[in-house]
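Chain by chain, the residues run as shown.
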Amino acid sequence: MEVKIGVQHAPREIVLESGQSAEEVERVVAEALTGKSQLLSLEDEKGRKVLVPADRLAYVECGEPTVRKVGFGPL
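Residues numbered from 1 in each chain as written. Predicted model: local features only at pLDDT ≥ 70, side-chain atom pairs only at ≥ 80, totals over all residues. Heavy atoms only, no water.

### Describing the pattern of salt bridges
Alright, step 1. Throughout the structure, instances matching the rule amount to 2 salt bridges.
Alright, step 2. Its salt-bridge partner being Arg-27, residue Glu-31 comes within 3.3 Å of it at the nearest N-O pair. One end of the pair, Glu-31, and the other, Arg-27, are both in helix H1 (residues 22-34), 4 residues apart, so they sit about a helical turn from each other.
Alright, step 3. With a relative accessible area of 45%, Arg-27 lands in the partly exposed category.
Alright, step 4. Between Arg-48 and Asp-44 there is a salt bridge; the shortest N-O distance is 3.0 Å. (Salt bridge = Lys/Arg side-chain N within 4 Å of Asp/Glu carboxyl O. Helix = DSSP H or I, 4+ residues; strand = E, 2+ residues; numbered from the N terminus. Buried < 20%, exposed > 50% of the residue type's maximum accessible area, 1.4 Å probe, protein only.)

What follows is the structure, encoded as structure tokens:
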């Protein structure tokens with residue numbers, strides 16, 4: 001699923017493809033916003049972690065689950 005993270009005082013948003021479900025992402029974001037954790041930590045499909053300080057979060061947008069593309073071109 002595509003996740004977009006807006007960070008305060010940053011000109012661009014962070015976009016990543018996450019293998020986590022929408023419910024998992026929502027839970028992690030809620031924990032960061034309620035103060036249970038100091039960082040929002042998400043992992044993309046390639047295993048890289050994205051860490052954002054919870055007090056700098058502007059918004060988090062969860063998109064539709066990505067569908068495997070069919071056709072010619074790079075995968």
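From this point, things continue past the structure.
### Re unusual backbone geometry
Alright, step 1. Even without glycine at this site, His-9 takes up a positive phi of about 65°.
Alright, step 2. Tracing the backbone shows His-9 in the loop between strand E1 (2-7) and strand E2 (14-17).
Alright, step 3. With a relative accessible area of 75%, His-9 lands in the exposed category.

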